[in-house]
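Structural characterization, general
Residue strings, one per chain:
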Amino acid sequence: MNSTPLLRLVGTGRRFFLGETTVDALDRVTLDIHPGEFLAVWGPSGSGKTTLMNLIGLIDSPTSGELHFEGENTRALSDAKLTEFRASRIGFVFQNFNLVPVLSAIENVMLPLELRGEAHARLRAENILEEVGLARFADFRPDRLSGGQRQRVAIARALIANPRLVIADEPTASLDSENGREVIELMRRMNRAHMITFVFTTHDSRLLDRVDRRVLLRDGRIEQDEVRQ
């Protein structure tokens, strides 16, 4: 594994102000995530998992500490540069799929490249749908797909721009246990085939034996960081 972190959090915190109350959703978190890792962040509701995903996905900014992406301190980047980072380096998979209902599977997958005006979007989308086992469903709209199939489309869409990192916040929460396992196995295959870093959150401890590394969050702090041998 490359020894240079893809992401480095150093004493990173995120504080929210609710009237006269302050909530430290993340409290002085220090964490290195390396290229090619397949990492699960887990813990009880309210532990800070989604806040952490929003920070490493550059959707939100820390209120303290530092967050480095490929060596760049993201707190020093402009909004335009952060947008460019997200578009070119990060893919997102959501709990509720977030597919455009009026577009077919292949059109949903093509969308990130089309928004950037890139050529060969359809060919790239066809290849990725083949990889995730949905080539014959390319022209189906989301309402004709099962939950597991929709999440496969979402994973294909996250991969189409060749990101360095894919973030998946509770990607199996809307699925039954069998489909949940299949989605995790698919992400694992894509991780190995393309050496893309995957970080996902889960409430389901049964999925943790399928990851290389698991980080337990509790009350906004890392309680355990375990690498499987």
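Everything that follows concerns the structure shown earlier in this document.
Before going into details, it helps to say that this report is about the structure given with it. (Residues numbered from 1 in each chain as written. Predicted model: local features only at pLDDT ≥ 70, side-chain atom pairs only at ≥ 80, totals over all residues. Heavy atoms only, no water.)

Brief notes about empty space enclosed by the protein
A full pass over the atoms with the stated rule returns 1 cavity of 30 Å³ or more. Space inside the largest cavity adds up to approximately 40 Å³. Surrounding the largest cavity, Arg124, Ile128, Glu131, Leu159, Asn162, Met190, His194 and Ile196 form its lining. Of all the secondary-structure elements, those providing two or more residues to the lining of the largest cavity are helix 4 (121-131) and helix 6 (177-194). Per element, the largest residue contribution to the lining of the largest cavity is 3 residues, and it comes from helix 4. Its residues placed into classes, the lining of the largest cavity shows 4 nonpolar, 2 polar and 2 charged. (1 Å grid on protein atoms, 1.4 Å probe; cavity = no way out; pocket = protein on both sides within 12 Å on 5 of 7 lines; lining within 4 Å. Points joined across faces, edges and corners; volume = space filled by probe spheres on them. Helix = DSSP H or I, 4+ residues; strand = E, 2+ residues; numbered from the N terminus. Nonpolar A, V, L, I, M, F, W, Y, C, P; charged D, E, K, R; others polar.)

Describing the sheet that holds strand 10 (residues 221-227)
Pairing is mixed in the open sheet, where 6 strands are placed in the order 6-7-8-3-9-10. Every other strand in the sheet has two partners, leaving strand 6 (90-93) and strand 10 as the edge strands with one partner each. The average angle at which neighbouring strand axes cross in this sheet is 15°, direction not considered. Strands in contact with helix 5 (residues 147-159) are strand 6, strand 7 (165-169) and strand 8 (197-202); relative to strand 6, the strand with the most contacts, it is inclined by about 170°. (Pairing = 2+ DSSP bridges. Axes fitted to C-alpha atoms, helices over the stretch in contact; angles between N-to-C directions. Contact = heavy atoms within 4.5 Å.)

Let's talk about the nonpolar core
Counting 41 residues, the largest nonpolar core has Leu129, Leu159, Met187, Phe198 and Phe200 as its most contacted members. Elements that contribute at least two residues to this core include exactly strand 3 (38-42), helix 3 (105-115), helix 4, helix 5, strand 7, helix 6 and strand 8. Top contributing element to this core by residue count: helix 5, with 6 residues. Once you skip the residues sitting within four places of it in the chain, Met187 turns out to touch Phe38, Ile155, Ala168, Pro171, Phe198 and Phe200. Counting 26 residues, the second largest nonpolar core, distinct from the first, contains Leu7, Leu9, Ile167 and Val215. (Core = buried A, V, L, I, M, F, W, Y, C linked by side-chain atoms within 4.5 Å. Buried < 20%, exposed > 50% of the residue type's maximum accessible area, 1.4 Å probe, protein only.)

Details of the sheet that holds strand 4 (residues 64-69)
One open sheet accounts for 4 strands, arranged 2-1-4-5; its pairing is antiparallel. Taken across any chain shown, the strands that pair with only one partner, and hence form the sheet edges, are strand 2 (21-33) and strand 5 (72-73). Where strand 1 (residues 7-18) lies against strand 4, 5 bridges are found, and the strand directions are antiparallel. Within strand 4, the position partnered with Leu9 by the bridge is Leu67. Along the sheet, helix 1 (residues 49-56) contacts strand 1, strand 2 and strand 4; its crossing angle with strand 1, the most-contacted strand, is approximately 120°.

Brief notes about the side chain of Asp27
Note on placement: Asp27 falls in strand 2. Within polar-contact distance, the side chain of Asp27 engages the side chain of Arg221 at 2.7 Å. Setting aside chain neighbours within four positions, we find Asp27 in contact with Thr12, Gly220 and Arg221. (Polar contact = N/O pair within 3.5 Å; in protein donor to acceptor, adjacent residues only side chain to side chain.)

Details of the pattern of salt bridges
This model, assessed by the stated rule, comprises 18 salt bridges. In this structure, Arg213 engages Glu37 in a salt bridge whose closest nitrogen and oxygen atoms are separated by 2.9 Å. One end of the pair, Arg213, is in strand 9 (residues 213-218); the other, Glu37, is in the loop between strand 2 and strand 3, with 176 residues separating them in the sequence. Exposure remark for Arg213: the relative accessible area of 7% places this residue in the buried category. According to the relative accessible area criterion, Glu37 is buried, its value standing at 7%. Of the charged contacts in the structure, one is a salt bridge between Arg218 and Glu223, with a shortest N-O distance of 3.0 Å. Here Arg218 falls in the partly exposed class, since its relative accessible area comes to 36%. Three or more residues joined by partner-sharing salt bridges are found here, namely Asp27, Arg28 and Arg221. (Salt bridge = Lys/Arg side-chain N within 4 Å of Asp/Glu carboxyl O.)

None of this, on its own, says anything about what the molecule does.
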